Amino acid sequence: MVFRSAVFRTLFRNLGWAGLALAALCWGLSTVEILHFLYAVPAPALTGSGVCWAFYTLLRVWEEARPMARVLCSAQGPGGELVQKATLHAFREQKGYRAGQEEEILFLRGEQSFGDYRFADAARHYQQSLDLRSSLPVCLNLSAALLNAAQFDQAGELLQLGLQQARRQERRDYEAAFHANLGVLGLHQGKLDVGRLAAEEALELFSLLKDPRGESDALLILGSVHARRGEWEEAGRLYRAVLKTYERIDQPLGRANILVDLGNSHLHQEEYPEALKYYRTALTLHERQGNTLGRANALTNIGVAHFRSGKLEEARRTYEAALELYHQIGALAGEAGSQANLGTVLFRQGKLEDARSYFQAALKIHQETGDTLGRASTLTNIGSLCARQRRFQEGLESLEQARILYLESGARGRGLEAVEKLITRLRRRLAQPPARKKP
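Values in this document were obtained by computation on a predicted structure and should not be read as measured data.

For A150, which is not a glycine, the phi torsion comes out positive at approximately 60°. With respect to the secondary-structure elements, A150 resides in the loop between α6 (136-148) and α7 (152-168). Owing to a relative accessible area of 4%, A150 belongs among the buried residues under this scheme. With phi around 55°, E170 is a residue other than glycine that occupies positive phi space. Structurally, E170 can be placed in the loop between α7 and α8 (172-188).

Shown next, in the form of structure tokens:
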């Protein structure tokens, strides 16, 4: 039904322009003496054009007011964000759809793999379906799978192609969804300004479409941008507003993710018991929904709260549980984060070489996936470890790299502050003359 309306909308728009062009042409030609008979054409042509534009406007209004839940839905993203996906109904509403075709079977396999959190398999099936027939639903779902599989470069190319296709087809719903997923991509590539602009575009379109689910998902991304810049007051304001919407529209997945973000706000203020309350409530919600990726994300944050509280063994056990879940589903971004977190525990316990192994493993994944902020954080850890081992020059080099990454991404928070302090300390240490050996 939606596709048919898009076809008729395009038809009425083209006829409207054709009527205007015909009226203008005939009016101009009627000034020629032998073509005076054309003087009668512009009036009916303009009337017909007006009728076509009226139908075009009515269809546009109807499309923007229709319920969106049957076309788009939210799914767990690679971090504390939600990604946009198309539903099976969206796939089956396409022009020329016939049940049982190979592209539908492959799309269904992709849906099954995505639901089982096997994102690399889901991406493979979606790509096979897309190869058989280009379509917006498959393109959108493939982008979501690639984001969760931490294949960020491929996701970026696909999202730009999907966005162009959605604009050509005048599908504002898909245009909003592609913008939202570009916002998530910007967060994980450390391109915070790009992510913010994409999320704002998504928010504007979802607002025009009167889709509170999509609006809330876009606001969640904007909150994450503020948080990564260290703008916690603004982030908290957005998180609280979004939580109310998720509760009103009964969106437990969104509610679970926003609770983690609210916990992060308390964590930043060193209110660890309060942060843990939010994280554990989120974990319970994810467990009820069978959301493995969400569980792993919540466990990671619980581990951070334990670590900041000085409960190292509890932090280690929690990080290991999160790492196991991330490894099971092939979520590379989460896996790298857990390895880095385990490295920080070992570092604090004085097991420096073991810590270095974890940091290097995390850094390798971050480099492969293009996770800029993940690289910056891990390079900071490596720089701090080198300083402990009195390898001051090597540590300074790692920290300088981290500083550049933070500044390029626009991140202004605890991470950049730590890097600046460590760089200052190591420069002073290197500037000191070497101690003389006793004869």
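Evaluation of the coordinates by the stated rule reveals 23 salt bridges. Note that R171 is salt-bridged to E93, the shortest N-O span being 3.4 Å. With R171 in the loop between α7 and α8 and E93 in the loop between α3 (88-92) and α4 (102-115), this pair connects stretches of sequence that are 78 residues apart. On the basis of relative accessible area, E93 is assigned to the buried category, the value being 10%. We note a salt bridge from D121 to R118, for which the minimum N-O separation is 2.9 Å. Through salt bridges with shared partners, a single network forms among D116, R118, D121 and R124.

This part takes up the nonpolar core. Counting 120 residues, the largest nonpolar core has F114, Y126, Y174 and F178 as its most contacted members. Leaving out residues up to four positions away in the same chain, Y126 has contacts with K85, F107, G110, E111, F114, V138, N141, L142 and A145.

Before going further, it helps to examine the packing of aromatic side chains. Tallying each qualifying case throughout the model produces 8 aromatic pairs. Their ring planes at 85° and their centres at 6.0 Å tell us that Y117 and F119 sit as a pair that is edge-to-face. Three or more aromatic residues joined by ring pairs form one cluster here, namely F91, Y97, F107 and Y126. The positively charged end of K85 is found above the aromatic ring belonging to F114, 4.8 Å away from the centroid.

A few words now on the environment of A355. Relative to the assigned elements, A355 resides in helix α17 (residues 352-369). Spatially, the C-alpha atom of A355 lies 9.4 Å from that of N341, the residues being 14 residues apart in sequence. Not counting residues within four places of it along the chain, the set of residues in contact with A355 comprises G343, L346, F347 and L385.

The next subject is α6. Here α6 contains 13 residues, and its C-alpha end-to-end distance of 19 Å stays within 8% of the 18 Å for a straight helix at 1.5 Å per residue. With 13 of its 13 residues buried, α6 lies for the most part within the structure. For α6, the N-terminal cap is S135; the gap from its side-chain oxygen to the backbone nitrogen of V138 is 3.5 Å. One or two residues past the end of α6 sits A150, with phi positive at roughly 60°.

Side chains of F8, L11 and L15 sit close together on the surface and give an oily, nonpolar patch of about 270 Å² of accessible area. Within the secondary structure, L11 sits in helix α1 (residues 2-29). The partly exposed category is assigned to L11, whose relative accessible area is 41%.

A separate point is the side chain of E103. Structurally, E103 can be placed in helix α4. Summary of buried charges: E103 has no salt-bridge partner, and the nearest side chain of opposite charge, R133, is 4.4 Å away. The contact partners of E103, leaving out residues within four places of it in the chain, are F91, S129, L132 and R133.

A few words now on the side chain of S129. Summarising the element assignment, S129 is placed in helix α5 (residues 119-132). Among all residues touching S129, those that are not within four sequence positions of it are F91, E103, L106, F107 and V138.

Attention shifts here to the environment of S338. Structurally, S338 can be placed in helix α16 (residues 332-348). Along the chain, S338 and A227 lie 111 residues apart, while their C-alpha atoms are 20 Å from each other. The contact partners of S338, leaving out residues within four places of it in the chain, are T300, Y319, A322, L323 and Y326.

On to helix α9 (residues 192-208), then. For α9, with 17 residues, the first-to-last C-alpha span of 24 Å sits near the 24 Å given by 1.5 Å per residue. All of the buried residues in α9 are L192, G195, A198, A199, A202, L203, L205 and F206. A positive phi of about 55° marks K210, the residue just after α9.

Our focus in this paragraph is the pairing of strand β2 (residues 82-86). In terms of burial, β2 is largely enclosed, as 5 of its 5 residues are buried. Burial of β2 is two-sided: the residues L82, Q84 and A86 facing one way and the residues V83 and K85 facing the other way are all buried. Note that strand β1 (residues 72-76) and β2 share 5 bridges and pair antiparallel. Its bridge partner being in β2, A75 is matched across the sheet by V83. Hairpin connection from β1 to β2: 5 residues lie between these consecutive antiparallel strands.

The rules we used
- Residues numbered from 1 in each chain as written.
- Predicted model: local features only at pLDDT ≥ 70, side-chain atom pairs only at ≥ 80, totals over all residues.
- Heavy atoms only, no water.
- Helix = DSSP H or I, 4+ residues; strand = E, 2+ residues; numbered from the N terminus.
- Buried < 20%, exposed > 50% of the residue type's maximum accessible area, 1.4 Å probe, protein only.
- Salt bridge = Lys/Arg side-chain N within 4 Å of Asp/Glu carboxyl O.
- Core = buried A, V, L, I, M, F, W, Y, C linked by side-chain atoms within 4.5 Å.
- Contact = heavy atoms within 4.5 Å.
- Phe/Tyr/Trp six-rings, centres within 6.5 Å; stacked < 30°, edge-to-face > 60°.
- Lys NZ or Arg CZ within 6 Å of the ring centre and 35° of its normal.
- Expected span 1.5 Å × (residues − 1).
- Polar contact = N/O pair within 3.5 Å; in protein donor to acceptor, adjacent residues only side chain to side chain.
- Patch = residues over 30% accessible without salt bridge, like charges linked within 9 Å, V, L, I, M, F, W, Y side chains within 5 Å.
- Areas by Shrake-Rupley, 256 points an atom, 1.4 Å probe, with all protein chains shown as cover.
- Lys, Arg positive; Asp, Glu negative; His and termini not counted.
- Pairing = 2+ DSSP bridges.

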